[in-house]
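Here is how the chains run, residue by residue.
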Amino acid sequence: MSRGNASAASSLHTITIEGLNKSYNEVPAKAAAGDVHYIIKDVNLVIKGGEFFILLGPSGCGKSTLLNMIAGFVSKTGGNLRVGSSEIQKPGRDRAVVFQQADSSLFPWLTVRQNVEFGLKMKKVPKKQRRVISDQYIDLVGLSGHGDKFPRELSGGMKQRVQLARVLANDPEILLMDEPFGALDAMTRRTMQKELVRIWRQTNKTIVFVTHDIQEAILLGQRIGIMSSGPSSRISDIYEIPISYPRDVSALDFYDYYSKIQSHFDE
Ligand SMILES: Nc1ncnc2c1ncn2[C@@H]1O[C@H](COP(=O)(O)OP(=O)(O)OP(=O)(O)O)[C@@H](O)[C@H]1O
């Protein structure tokens, strides 16, 4: 892809959020009386195409709500939310969500390969081509040789890899990841974090990644948006992390960012 085309593709998948509000009690009479409980209020943010962006904030501040609004699963109460120039009104093939619990998203009666090929089959991609694509992504997530296993035969980390391979096989431009490694043990989690950075660098997808773990945020993100605690949560600060990948948690510059961001939450 030429430089010009690459930048056109990246602006096509820029996520633009302007004055975004969300209330789950949108009763018109209450709204008229000014009695509205906002989960998030006046969120402004631009996430560039190809960027690895982190949403970091305390439990319950509204990270998943914001992610689900970008996914098109949750409607907005006010403001603007666009991918490229299109307003987000419903889920689309350009966006895919990776959830914390792979179990709830994988089909237990299908093998790893059948799970990965599921979306392609729905799109009526011919069998041979499906096989080539599933081989590619099963390999990319490090599951070569496990294609014929069922989810029940896999560890938590392996299931999470299958979920990722399935999402990637559908080739969305934007990956929305909601604490995808939150349920994994520390060692598997670290491996998956490294793998995700490798896959992101290889595929050039836009990733919006939700976490409440500061170390994970600095390990992964090019920029970290800090959400203030709710109600009426907003993006209170954005940290740019210019450390080169792969990042080393024991490096001095890593520690510097860690303490800066940590002190933000101590305030
Ligand atoms: N469908 C819903 N109906 C009503 N309230 C909701 C709904 N979903 C979430 N909430 C409320 O919105 C607030 C934000 O929840 P959300 O799950 O977005 O936060 P979070 O930052 O992702 O939390 P966590 O880190 O604990 O997963 C919470 O007070 C929650 O109770």
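Residues numbered from 1 in each chain as written. Predicted model: local features only at pLDDT ≥ 70, side-chain atom pairs only at ≥ 80, totals over all residues.

The name recorded for the protein chain in an unreviewed UniProt entry is NitT/TauT family transport system ATP-binding protein, from Fontibacillus solani.

Q: I'm lost on the sheet that holds strand 6 (residues 95-98) in this one. Help?
A: Strand-to-strand pairing in sheets goes through backbone hydrogen bonds, with the strands running parallel or antiparallel. Judged by pairing direction, the sheet is mixed, and its 6 strands sit side by side in the order 6-7-8-3-9-10 without closing on themselves. With partners counted over all chains shown, the strands left at the sheet margins are strand 6 and strand 10 (235-240), one partner each. Within this sheet the neighbouring strands show an average axis-to-axis angle of 20°, counted without direction. Pairing geometry for strand 3 (residues 52-56) and strand 8 (residues 206-211), over 5 bridges, is parallel. Residue pairing for strand 8: Leu55 is matched across the bridge by Val210. (Pairing = 2+ DSSP bridges. Helix = DSSP H or I, 4+ residues; strand = E, 2+ residues; numbered from the N terminus. Axes fitted to C-alpha atoms, helices over the stretch in contact; angles between N-to-C directions.)

Q: In this structure, what is going on with the nonpolar core? I would like to understand it.
A: Inside soluble globular proteins, nonpolar side chains tend to come together where they are buried. If you look at the biggest cluster of nonpolar residues, it comprises 65 residues, and the most contacted ones within it are Ile70, Ala165, Leu176 and Val208. Here this core gets 6 residues from one element, more than from any other, and that element is helix 6 (residues 156-169). Leu176 has contacts with Leu67, Ile70, Ala71, Arg95, Ala96, Val97 and Val208, leaving out every residue within four places of it along the chain. (Core = buried A, V, L, I, M, F, W, Y, C linked by C-beta atoms within 7 Å. Buried ≥ 20, exposed ≤ 12 C-beta atoms within 10 Å, placed from the backbone. Contact = placed C-beta atoms within 7 Å.)

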